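What follows is each chain in one-letter form.
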Amino acid sequence: MANFGYSLKGKHTRSVRDFTPEEFMRVIYTARELKARQLTGEHCKIFEGRTLGMVFQKPSLRTVVSFQVAMNQLGGSAIYLGPDQINLGERETVEDVANVLSGYVDAIMVRVFGHHLIEELAKYSRVPVINGLSDFEHPCQIFGDMLTILERKGRLQGLKLCFVGDGNNVANSLAFAAARLGLNFTIGSPVGYELKPEVIQMALADAKTFCTGSKVEQFHDLKEAARDADIVYTDVWASMGQEAEKVERQKKFKGYIIDQELLKVTKPDAMILHCLPAHYGEEIAADMQLDPRSAVYPQAENRLHAQKGLLAMVMR
Ligand code: CP
Ligand code: NVA
(Lines give C-alpha, C1' and ligand atoms only; values in the text may rest on other atoms or scores of the structure.)
(Ligands and ions follow the chains in the order given, each with its own letter.)
Protein backbone atom coordinates (compact mmCIF):
# COMPACT_ATOMS: atom_id res chain seq x y z
CA MET A 1 0.00 0.00 0.00
CA ALA A 2 1.39 3.38 -0.98
CA ASN A 3 2.03 5.72 1.91
CA PHE A 4 2.54 9.30 0.84
CA GLY A 5 2.94 10.41 4.46
CA TYR A 6 0.59 13.39 4.26
CA SER A 7 -3.17 13.67 4.20
CA LEU A 8 -5.78 16.36 3.68
CA LYS A 9 -8.58 13.92 4.49
CA GLY A 10 -12.03 15.44 4.35
CA LYS A 11 -10.87 18.71 2.80
CA HIS A 12 -13.21 20.41 0.33
CA THR A 13 -11.79 21.70 -2.97
CA ARG A 14 -14.15 24.59 -3.65
CA SER A 15 -11.37 26.93 -4.70
CA VAL A 16 -7.63 27.05 -5.22
CA ARG A 17 -7.79 29.32 -2.17
CA ASP A 18 -8.79 26.34 0.02
CA PHE A 19 -5.15 25.21 -0.24
CA THR A 20 -2.14 26.78 1.43
CA PRO A 21 0.93 26.82 -0.83
CA GLU A 22 2.26 23.79 1.05
CA GLU A 23 -0.99 21.86 0.67
CA PHE A 24 -1.17 22.77 -3.02
CA MET A 25 2.37 21.51 -3.59
CA ARG A 26 1.62 18.29 -1.66
CA VAL A 27 -1.10 17.56 -4.20
CA ILE A 28 1.34 18.23 -7.06
CA TYR A 29 4.09 16.07 -5.54
CA THR A 30 1.64 13.25 -4.87
CA ALA A 31 0.43 13.53 -8.47
CA ARG A 32 4.03 13.37 -9.70
CA GLU A 33 4.74 10.35 -7.52
CA LEU A 34 1.63 8.49 -8.71
CA LYS A 35 2.47 9.35 -12.33
CA ALA A 36 6.00 7.99 -11.94
CA ARG A 37 4.69 4.79 -10.36
CA GLN A 38 2.11 4.35 -13.12
CA LEU A 39 4.83 4.71 -15.76
CA THR A 40 6.77 1.87 -14.13
CA GLY A 41 3.62 -0.28 -14.13
CA GLU A 42 2.94 0.03 -10.42
CA HIS A 43 -0.72 0.67 -9.66
CA CYS A 44 -1.56 1.99 -6.23
CA LYS A 45 -4.91 0.45 -5.36
CA ILE A 46 -5.59 2.77 -2.46
CA PHE A 47 -9.33 3.11 -3.06
CA GLU A 48 -10.59 -0.46 -3.19
CA GLY A 49 -14.33 -0.45 -2.43
CA ARG A 50 -14.50 3.36 -2.52
CA THR A 51 -16.64 5.44 -4.85
CA LEU A 52 -16.56 8.94 -6.28
CA GLY A 53 -19.88 10.58 -7.23
CA MET A 54 -19.61 12.92 -10.23
CA VAL A 55 -22.41 15.46 -10.66
CA PHE A 56 -22.46 17.39 -13.95
CA GLN A 57 -24.65 20.33 -14.98
CA LYS A 58 -22.46 20.99 -18.05
CA PRO A 59 -20.66 18.90 -20.69
CA SER A 60 -17.11 17.57 -20.18
CA LEU A 61 -14.46 15.43 -21.83
CA ARG A 62 -11.31 15.83 -19.73
CA THR A 63 -12.85 16.24 -16.28
CA VAL A 64 -15.28 13.34 -16.50
CA VAL A 65 -12.86 10.90 -18.14
CA SER A 66 -9.83 11.78 -16.02
CA PHE A 67 -11.74 11.44 -12.74
CA GLN A 68 -13.35 8.18 -13.86
CA VAL A 69 -10.01 6.70 -14.98
CA ALA A 70 -8.28 8.05 -11.86
CA MET A 71 -10.70 6.18 -9.62
CA ASN A 72 -10.42 3.01 -11.74
CA GLN A 73 -6.60 3.09 -11.64
CA LEU A 74 -6.63 3.64 -7.88
CA GLY A 75 -8.83 0.55 -7.41
CA GLY A 76 -12.14 2.33 -6.81
CA SER A 77 -15.03 3.37 -9.01
CA ALA A 78 -16.92 6.47 -10.08
CA ILE A 79 -20.57 7.14 -10.86
CA TYR A 80 -21.52 9.75 -13.49
CA LEU A 81 -24.65 11.73 -12.68
CA GLY A 82 -25.55 13.90 -15.66
CA PRO A 83 -27.67 17.04 -15.91
CA ASP A 84 -30.93 15.12 -16.32
CA GLN A 85 -30.37 12.81 -13.36
CA ILE A 86 -29.79 15.07 -10.36
CA ASN A 87 -31.03 18.45 -11.62
CA LEU A 88 -29.19 20.03 -8.70
CA GLY A 89 -31.29 22.48 -6.68
CA GLU A 90 -34.39 21.97 -8.84
CA ARG A 91 -35.58 18.38 -8.40
CA GLU A 92 -34.68 18.55 -4.71
CA THR A 93 -32.70 20.83 -2.45
CA VAL A 94 -28.91 20.95 -2.54
CA GLU A 95 -28.98 20.11 1.17
CA ASP A 96 -30.90 16.88 0.52
CA VAL A 97 -28.61 15.94 -2.39
CA ALA A 98 -25.53 16.51 -0.20
CA ASN A 99 -26.90 14.51 2.72
CA VAL A 100 -28.10 11.60 0.59
CA LEU A 101 -24.97 11.35 -1.60
CA SER A 102 -22.78 11.50 1.54
CA GLY A 103 -24.36 8.22 2.62
CA TYR A 104 -23.41 6.48 -0.64
CA VAL A 105 -20.11 7.86 -1.91
CA ASP A 106 -16.73 8.78 -0.46
CA ALA A 107 -16.32 12.09 -2.30
CA ILE A 108 -18.43 14.26 -4.61
CA MET A 109 -16.98 15.96 -7.66
CA VAL A 110 -19.33 18.53 -9.14
CA ARG A 111 -19.48 20.76 -12.24
CA VAL A 112 -22.02 23.56 -11.96
CA PHE A 113 -23.12 26.86 -13.43
CA GLY A 114 -23.36 28.84 -10.18
CA HIS A 115 -20.42 28.66 -7.78
CA HIS A 116 -22.83 29.07 -4.82
CA LEU A 117 -24.01 25.49 -5.46
CA ILE A 118 -20.53 24.19 -4.62
CA GLU A 119 -20.42 26.24 -1.42
CA GLU A 120 -23.85 24.90 -0.46
CA LEU A 121 -22.98 21.28 -1.25
CA ALA A 122 -19.79 21.59 0.81
CA LYS A 123 -21.77 23.07 3.70
CA TYR A 124 -24.03 20.02 3.99
CA SER A 125 -21.81 17.20 2.68
CA ARG A 126 -20.16 14.76 5.07
CA VAL A 127 -17.63 13.75 2.39
CA PRO A 128 -15.16 15.97 0.48
CA VAL A 129 -16.64 18.10 -2.30
CA ILE A 130 -14.44 18.83 -5.31
CA ASN A 131 -15.14 21.70 -7.71
CA GLY A 132 -14.90 20.24 -11.21
CA LEU A 133 -15.59 23.75 -12.67
CA SER A 134 -18.00 26.49 -11.72
CA ASP A 135 -18.63 29.90 -13.24
CA PHE A 136 -16.05 31.27 -10.77
CA GLU A 137 -13.22 28.70 -10.59
CA HIS A 138 -11.68 25.57 -12.05
CA PRO A 139 -9.20 24.38 -9.41
CA CYS A 140 -8.75 20.82 -10.76
CA GLN A 141 -7.52 22.25 -14.06
CA ILE A 142 -4.92 24.32 -12.27
CA PHE A 143 -3.46 21.40 -10.29
CA GLY A 144 -2.74 19.72 -13.64
CA ASP A 145 -1.40 22.95 -15.13
CA MET A 146 1.06 23.56 -12.30
CA LEU A 147 2.25 19.95 -12.57
CA THR A 148 2.84 20.50 -16.30
CA ILE A 149 4.75 23.75 -15.75
CA LEU A 150 6.88 22.17 -13.03
CA GLU A 151 7.72 19.21 -15.28
CA ARG A 152 8.67 21.41 -18.26
CA LYS A 153 10.31 24.37 -16.51
CA GLY A 154 11.68 22.64 -13.40
CA ARG A 155 10.28 25.34 -11.12
CA LEU A 156 7.27 27.56 -10.55
CA GLN A 157 8.64 30.47 -8.56
CA GLY A 158 9.56 33.57 -10.49
CA LEU A 159 8.01 32.45 -13.79
CA LYS A 160 5.77 34.85 -15.67
CA LEU A 161 2.43 33.39 -16.77
CA CYS A 162 0.37 35.46 -19.21
CA PHE A 163 -3.30 34.59 -19.67
CA VAL A 164 -4.76 35.61 -23.02
CA GLY A 165 -8.41 36.63 -23.17
CA ASP A 166 -11.40 36.39 -20.90
CA GLY A 167 -11.16 37.03 -17.15
CA ASN A 168 -13.07 33.80 -16.57
CA ASN A 169 -13.13 30.84 -14.16
CA VAL A 170 -9.80 29.42 -15.41
CA ALA A 171 -8.15 32.86 -15.24
CA ASN A 172 -9.41 33.37 -11.67
CA SER A 173 -8.03 30.04 -10.48
CA LEU A 174 -4.72 30.64 -12.27
CA ALA A 175 -4.36 34.06 -10.65
CA PHE A 176 -5.00 32.54 -7.21
CA ALA A 177 -2.53 29.70 -7.81
CA ALA A 178 0.13 32.03 -9.21
CA ALA A 179 -0.17 34.31 -6.17
CA ARG A 180 0.29 31.48 -3.68
CA LEU A 181 3.06 29.65 -5.60
CA GLY A 182 5.25 32.63 -6.52
CA LEU A 183 4.53 33.00 -10.25
CA ASN A 184 3.88 36.43 -11.71
CA PHE A 185 0.48 36.60 -13.42
CA THR A 186 -0.59 38.95 -16.19
CA ILE A 187 -3.78 38.94 -18.21
CA GLY A 188 -4.46 40.66 -21.52
CA SER A 189 -8.20 41.15 -22.06
CA PRO A 190 -10.52 43.48 -23.99
CA VAL A 191 -12.31 46.24 -22.10
CA GLY A 192 -15.24 44.80 -20.18
CA TYR A 193 -13.78 41.29 -19.89
CA GLU A 194 -11.01 41.88 -17.36
CA LEU A 195 -10.43 39.98 -14.14
CA LYS A 196 -12.81 41.38 -11.54
CA PRO A 197 -11.06 43.90 -9.24
CA GLU A 198 -11.99 41.77 -6.21
CA VAL A 199 -10.24 38.75 -7.77
CA ILE A 200 -7.06 40.79 -8.25
CA GLN A 201 -7.36 42.05 -4.67
CA MET A 202 -7.83 38.51 -3.31
CA ALA A 203 -4.83 37.24 -5.28
CA LEU A 204 -2.65 40.13 -4.15
CA ALA A 205 -3.77 39.60 -0.55
CA ASP A 206 -2.72 35.94 -0.86
CA ALA A 207 0.67 36.90 -2.28
CA LYS A 208 1.14 39.11 0.76
CA THR A 209 -0.12 36.51 3.27
CA PHE A 210 2.21 33.85 1.89
CA CYS A 211 5.07 36.29 1.17
CA THR A 212 5.49 35.03 -2.37
CA GLY A 213 6.15 38.42 -3.95
CA SER A 214 3.90 37.48 -6.91
CA LYS A 215 2.60 40.26 -9.11
CA VAL A 216 -0.93 40.10 -10.55
CA GLU A 217 -1.49 42.59 -13.36
CA GLN A 218 -4.27 43.38 -15.82
CA PHE A 219 -3.62 44.77 -19.33
CA HIS A 220 -5.72 45.64 -22.35
CA ASP A 221 -2.64 45.64 -24.58
CA LEU A 222 -2.01 41.92 -25.06
CA LYS A 223 1.60 42.34 -26.15
CA GLU A 224 2.34 44.33 -22.99
CA ALA A 225 0.83 41.52 -20.94
CA ALA A 226 2.82 38.84 -22.80
CA ARG A 227 6.20 40.60 -22.89
CA ASP A 228 8.95 38.18 -21.71
CA ALA A 229 6.38 35.64 -20.53
CA ASP A 230 7.58 32.12 -19.72
CA ILE A 231 4.10 30.69 -20.24
CA VAL A 232 1.20 31.87 -22.40
CA TYR A 233 -2.15 30.35 -21.57
CA THR A 234 -5.55 30.81 -23.15
CA ASP A 235 -9.14 29.60 -22.97
CA VAL A 236 -12.27 30.05 -25.08
CA TRP A 237 -13.73 33.54 -25.52
CA ALA A 238 -17.22 32.33 -24.53
CA SER A 239 -17.46 29.81 -21.71
CA MET A 240 -20.16 27.22 -21.17
CA GLY A 241 -23.33 29.11 -20.26
CA GLN A 242 -22.32 32.18 -22.35
CA GLU A 243 -23.40 30.76 -25.71
CA ALA A 244 -25.83 33.68 -26.29
CA GLU A 245 -22.87 36.12 -26.12
CA LYS A 246 -20.77 34.15 -28.61
CA VAL A 247 -21.12 36.46 -31.62
CA GLU A 248 -20.60 39.64 -29.60
CA ARG A 249 -17.56 38.13 -27.91
CA GLN A 250 -16.10 37.07 -31.28
CA LYS A 251 -16.04 40.76 -32.22
CA LYS A 252 -14.75 42.08 -28.90
CA PHE A 253 -11.98 39.46 -28.47
CA LYS A 254 -10.60 39.66 -32.01
CA GLY A 255 -6.80 39.78 -31.75
CA TYR A 256 -6.68 38.22 -28.27
CA ILE A 257 -5.01 35.13 -29.64
CA ILE A 258 -1.91 33.03 -29.07
CA ASP A 259 -0.15 33.00 -32.45
CA GLN A 260 3.33 33.35 -33.95
CA GLU A 261 3.03 37.14 -33.73
CA LEU A 262 2.39 37.10 -29.98
CA LEU A 263 5.25 34.64 -29.42
CA LYS A 264 7.68 37.23 -30.81
CA VAL A 265 7.35 39.24 -27.57
CA THR A 266 7.49 36.32 -25.11
CA LYS A 267 10.62 34.48 -24.03
CA PRO A 268 11.85 32.40 -27.02
CA ASP A 269 11.13 29.16 -25.16
CA ALA A 270 7.72 30.27 -23.88
CA MET A 271 5.42 27.38 -23.17
CA ILE A 272 1.91 27.33 -24.68
CA LEU A 273 -0.98 26.09 -22.56
CA HIS A 274 -4.72 25.79 -23.17
CA CYS A 275 -7.18 24.07 -20.83
CA LEU A 276 -9.21 22.85 -23.87
CA PRO A 277 -11.67 22.63 -25.54
CA ALA A 278 -10.06 25.01 -28.07
CA HIS A 279 -11.55 27.12 -30.86
CA TYR A 280 -8.70 27.25 -33.38
CA GLY A 281 -8.54 30.58 -35.18
CA GLU A 282 -10.17 32.38 -32.26
CA GLU A 283 -8.14 32.33 -29.01
CA ILE A 284 -5.36 30.12 -30.44
CA ALA A 285 -3.99 29.81 -33.99
CA ALA A 286 -4.30 26.39 -35.61
CA ASP A 287 -0.52 26.14 -36.17
CA MET A 288 0.06 26.34 -32.39
CA GLN A 289 -1.30 22.81 -32.02
CA LEU A 290 1.88 21.18 -33.32
CA ASP A 291 4.32 23.93 -32.30
CA PRO A 292 7.18 22.43 -30.23
CA ARG A 293 6.47 25.02 -27.55
CA SER A 294 2.95 23.67 -27.03
CA ALA A 295 2.39 21.47 -23.97
CA VAL A 296 -1.37 21.33 -24.45
CA TYR A 297 -1.71 17.55 -24.82
CA PRO A 298 0.63 16.69 -21.91
CA GLN A 299 -1.32 19.33 -19.96
CA ALA A 300 -4.56 17.48 -20.72
CA GLU A 301 -2.96 14.15 -19.73
CA ASN A 302 -1.81 15.66 -16.47
CA ARG A 303 -5.43 16.23 -15.48
CA LEU A 304 -5.48 12.48 -14.80
CA HIS A 305 -2.36 12.50 -12.64
CA ALA A 306 -3.39 15.67 -10.81
CA GLN A 307 -6.83 14.23 -10.11
CA LYS A 308 -5.17 11.15 -8.62
CA GLY A 309 -2.95 13.34 -6.46
CA LEU A 310 -5.92 15.34 -5.23
CA LEU A 311 -8.09 12.28 -4.54
CA ALA A 312 -5.23 10.56 -2.73
CA MET A 313 -4.91 13.60 -0.46
CA VAL A 314 -8.56 14.36 0.33
CA MET A 315 -10.02 10.82 0.40
CA ARG A 316 -7.37 9.09 2.50
N1 CP B 1 -10.46 21.46 -19.41
C2 CP B 1 -11.60 20.88 -19.06
O3 CP B 1 -12.06 20.97 -17.92
O4 CP B 1 -12.16 20.14 -20.04
P5 CP B 1 -13.62 19.51 -20.01
O6 CP B 1 -14.60 20.65 -20.03
O7 CP B 1 -13.70 18.68 -21.25
O8 CP B 1 -13.78 18.71 -18.77
N1 NVA C 1 -13.85 28.69 -19.33
C2 NVA C 1 -14.29 27.43 -19.90
C3 NVA C 1 -13.41 26.33 -19.41
C4 NVA C 1 -13.71 24.98 -19.98
C5 NVA C 1 -12.84 23.91 -19.41
C6 NVA C 1 -15.74 27.19 -19.54
O7 NVA C 1 -16.13 27.45 -18.40
O8 NVA C 1 -16.49 26.75 -20.41
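Here, the structure is the one placed above.
Below you will find a few notes about this structure. (Residues numbered from 1 in each chain as written. Chains lettered and ligands numbered in written order. Predicted model: local features only at pLDDT ≥ 70, side-chain atom pairs only at ≥ 80, totals over all residues. Heavy atoms only, no water.)

1. A closer look at the packing of aromatic side chains
Phase 1 of the analysis: Inspection of every chain in the model, using the stated rule, returns seven aromatic pairs.
Phase 2 of the analysis: Residues Phe-19 and Phe-143 carry aromatic rings whose centres are separated by 5.2 Å and whose planes lie at 80° to one another, so their mutual orientation is edge-to-face. On the criterion of sequence distance, the pair formed by Phe-19 in the segment before α1 (21–39) and Phe-143 in helix α6 (residues 139–153) is long-range, its members being 124 residues apart. One exposure class covers both Phe-19 and Phe-143, and it is buried.
Phase 3 of the analysis: Between Phe-136 and Phe-176, the aromatic rings sit 6.2 Å apart at their centres with planes inclined by 55°, giving tilted as the arrangement. Taken together, the positions of Phe-136 in the loop between β4 (129–131) and α6 and Phe-176 in helix α7 (residues 169–181) put the pair 40 residues apart, joining distant regions of the chain.
Phase 4 of the analysis: Directly above the ring of Phe-19 sits Lys-11, whose terminal nitrogen or CZ lies 5.2 Å from the centroid.
Phase 5 of the analysis: Above the face of the Phe-176 ring, Arg-17 is positioned so that its terminal group lies 5.4 Å from the ring centre. (Phe/Tyr/Trp six-rings, centres within 6.5 Å; stacked < 30°, edge-to-face > 60°. Helix = DSSP H or I, 4+ residues; strand = E, 2+ residues; numbered from the N terminus. Buried < 20%, exposed > 50% of the residue type's maximum accessible area, 1.4 Å probe, protein only. Lys NZ or Arg CZ within 6 Å of the ring centre and 35° of its normal.)

2. Some points on the sheet that holds strand β1 (residues 51–56)
Phase 1 of the analysis: Strand order in the open sheet made by the four strands is β2-β1-β3-β4, with parallel pairing throughout. Of all the strands in the sheet, the pair left with one neighbour each is β2 (77–81) and β4. The sheet shows a mean angle of 20° between the axes of neighbouring strands, direction not considered.
Phase 2 of the analysis: Where β1 meets β2, five bridges bridge the pair, whose relative direction is parallel. Pairing of Gly-53 across the sheet is with Ile-79, part of β2. (Pairing = 2+ DSSP bridges. Axes fitted to C-alpha atoms, helices over the stretch in contact; angles between N-to-C directions.)

3. What about helix α5 (residues 115–124)?
Counting along an α-helix, one turn takes 3.6 residues, and residues three or four places apart therefore face a common direction.
Phase 1 of the analysis: Every buried residue of α5 is accounted for by His-115, Leu-117, Ile-118, Leu-121 and Ala-122. End-on view of α5: buried residues confined to an arc of 155°, all on one side of the axis. With respect to the buried face of α5, the exposed residues turned more than 90 degrees away are His-116 and Lys-123.
Phase 2 of the analysis: Looking at the buried side of α5, the elements it contacts are α4 (94–102), β3 (107–111) and β4. (Arc of directions from axis to C-beta. Contact = heavy atoms within 4.5 Å.)

4. Remarks on the side chain of His-274
Phase 1 of the analysis: Note on placement: His-274 falls in strand β9 (residues 271–274).
Phase 2 of the analysis: Residue His-274 is classed as buried on the basis of its relative accessible area, which comes to 1%.

5. Considering the site of ligand 2
Phase 1 of the analysis: Taken together, Leu-133, Asn-168, Asn-169, Asp-235, Ser-239, Met-240 and Leu-276 are the residues near ligand 2.
Phase 2 of the analysis: One of the side-chain N or O atoms of Asn-169 is found 2.8 Å from an oxygen atom in ligand 2.
Phase 3 of the analysis: Relative to its unbound accessible surface of 270 Å², ligand 2 loses 95% to contact with the protein.
Phase 4 of the analysis: Here the residues of the shell around ligand 2 sort into three nonpolar, three polar and one charged. (Near = heavy atom within 4 Å. Polar contact = N/O pair within 3.5 Å; in protein donor to acceptor, adjacent residues only side chain to side chain. Areas by Shrake-Rupley, 256 points an atom, 1.4 Å probe, with all protein chains shown as cover. Nonpolar A, V, L, I, M, F, W, Y, C, P; charged D, E, K, R; others polar.)

6. Some remarks on the nonpolar core
Phase 1 of the analysis: Grouped together as the largest cluster of nonpolar side chains are 67 residues, with contacts concentrated most on Phe-24, Met-146 and Phe-185.
Phase 2 of the analysis: Ranked by residue count, the leading element in this core is α7, at nine residues.
Phase 3 of the analysis: Excluding residues that lie within four positions of it along the chain, Met-146 makes contacts with Phe-24, Ile-28, Leu-156, Leu-161, Leu-174, Ala-177, Leu-181 and Leu-183.
Phase 4 of the analysis: Residues Ala-225, Ala-226, Phe-253 and Met-288 belong to the second largest nonpolar core, which totals 24 residues. (Core = buried A, V, L, I, M, F, W, Y, C linked by side-chain atoms within 4.5 Å.)

7. What about the site of ligand 1?
Phase 1 of the analysis: What surrounds ligand 1 is the set Ser-60, Leu-61, Arg-62, Thr-63, Arg-111, His-138, Gln-141, Cys-275, Leu-276 and Arg-303.
Phase 2 of the analysis: Cys-275 places a main-chain nitrogen or oxygen 2.9 Å from a nitrogen atom of ligand 1.
Phase 3 of the analysis: Within the backbone of Leu-276, an N or O atom sits 2.9 Å from a nitrogen atom of ligand 1.
Phase 4 of the analysis: Coverage of ligand 1 by the protein amounts to 95% of the 260 Å² it exposes when considered alone.
Phase 5 of the analysis: Per-class residue counts for the shell around ligand 1 are three nonpolar, four polar and three charged.

8. Thoughts on unusual backbone geometry
Phase 1 of the analysis: The step from Leu-276 to Pro-277 runs through a cis peptide bond, and the omega angle for that step is 5°.
Phase 2 of the analysis: Tracing the chain through its elements places Pro-277 in the loop between β9 and α12 (296–314).
Phase 3 of the analysis: Its identity as a non-glycine residue notwithstanding, Cys-211 has a phi of 50°, on the positive side.
Phase 4 of the analysis: With respect to the helices, strands and loops of the structure, Cys-211 is situated in the loop between α8 (197–209) and β7 (216–219).
Phase 5 of the analysis: In this model, Asp-228 sits at a positive phi of 60°, which is unusual for a non-glycine residue.

9. Some remarks on the environment of Leu-310
Phase 1 of the analysis: Tracing the backbone shows Leu-310 in helix α12.
Phase 2 of the analysis: On the basis of relative accessible area, Leu-310 is assigned to the buried category, the value being 0%.
Phase 3 of the analysis: Note: C-alpha distance between Leu-310 and Met-54 (256 residues apart in sequence) is 15 Å.
Phase 4 of the analysis: Residues within four places of Leu-310 in sequence aside, it is in contact with Thr-13, Phe-19, Val-27, Ile-130, Cys-140 and Phe-143.

The values reported here are purely geometric and, on their own, carry no functional implication.
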